[in-house]
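Residue strings, one per chain:
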Amino acid sequence: GNGEPTLHPEFKEIVLDTQKLRNQYYPEAKLSVLTNAWQLGKPAVKEGLLQVDNAILKLDSAIPETLLKMNRPVSAQVNMEQLIEQLASFRGECIVQTMFLRGAGVDNTTQEEVNAWLQSLKVIQPSLVQIYSINRKVPIEGLEHVSEEELKAIAAEVKKIGLKTLVTP
């Protein structure tokens, strides 16, 4: 949909119903859920995500201030250590997706940002790391696309720590 799927009060039940329908009609299809990962502290959300084939969990920065600027959650607080622990609790059964961008007071491509993010990936140990940048109109003036070359350089750092990565320019 157009929002955060894990905010639905019956998220787990919807996943289970979708799984039943998939098994009945399209057993070869993969179920994927893209989430901002802010609701992972709710047991039913995690249980639902563990039922899908691809739990795609967003982590745009490992530095709280940057994460808050990029994601603009309703709650203006983030416990980064707790968020990383929640992502790591998937024990490799997740995909981490990260959008790199700069401008308008945000830049998660700096060496400090990338190093912090890489350290978090070492803890999380996802099955795949998806890296991309903005490629459409954004709601904030001044945000800039990160080049494919820069994304590939970041991906090379991910590969150095032994994780599979996919760059979408």
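You'll find the structure just up there.
Residues numbered from 1 in each chain as written. Predicted model: local features only at pLDDT ≥ 70, side-chain atom pairs only at ≥ 80, totals over all residues. Heavy atoms only, no water.

Chemist: Any chance you could explain the packing of aromatic side chains here in plain terms?
Modeler: By convention here, two paired aromatic rings are described through the distance between centres and the angle between planes. With the rule as written, the count across this model stands at one aromatic pair. Sitting over the face of the ring of F90, K46 holds its NZ or CZ atom 5.6 Å from the ring centroid. (Phe/Tyr/Trp six-rings, centres within 6.5 Å; stacked < 30°, edge-to-face > 60°. Lys NZ or Arg CZ within 6 Å of the ring centre and 35° of its normal.)

Chemist: Looking at this structure, how should I read the packing of helix α5 (residues 111-124) against helix α6 (residues 148-160)?
Modeler: The description of two helices packed together rests on the angle between their axes and the distance between the axes. At a minimum axis distance of 10 Å, the contact between α5 and α6 shows a crossing angle of 35°. Relative to α6, α5 is oriented so that their crossing is right-handed. Counted together, V114, W117, L118 and L121 of α5 and I154, E157 and V158 of α6 form the full contact between these two elements. Here the contact of α5 with α6 is built from residues that sort into six nonpolar, no polar and one charged. (Axes fitted to C-alpha atoms, helices over the stretch in contact; angles between N-to-C directions. Helix = DSSP H or I, 4+ residues; strand = E, 2+ residues; numbered from the N terminus. Left-handed = near helix turned anticlockwise from the far one by under 90°. Contact = heavy atoms within 4.5 Å. Nonpolar A, V, L, I, M, F, W, Y, C, P; charged D, E, K, R; others polar.)

Chemist: I would appreciate a short explanation of α5 in the present structure.
Modeler: One turn of an α-helix holds 3.6 residues; hence residues three or four places apart share an orientation. A rise of 1.5 Å per residue sets the reference length of α5, with its 14 residues, at 20 Å; its end C-alpha atoms lie 20 Å apart and thus fit the reference within 8%. Within α5, the full set of buried residues consists of E113, V114, W117, L118, S120, L121 and I124. For α5, the arc enclosing every buried residue in end-on projection is 160°, short of the 170-degree limit, so these residues lie on one face. Projecting away from the buried face of α5 at angles above 90 degrees are the exposed residues Q111 and E112. (Expected span 1.5 Å × (residues − 1). Buried < 20%, exposed > 50% of the residue type's maximum accessible area, 1.4 Å probe, protein only. Arc of directions from axis to C-beta.)

Chemist: Whenever I open this one, α6 confuses me. Can you help?
Modeler: If you check α6, its first and last C-alpha atoms are 18 Å apart, about what 13 residues at 1.5 Å a residue would give, namely 18 Å. Taken together, the buried positions of α6 are L151, I154, A155 and V158. Projected onto a plane normal to the axis of α6, the buried residues spread over an arc of 105° and lie on a single side. Residues of α6 that are exposed and point over 90 degrees away from its buried face: E149, K159 and K160. Taken together, the buried residues of α6 touch β3 (95-103), α5, β5 (128-133) and β7 (165-168).

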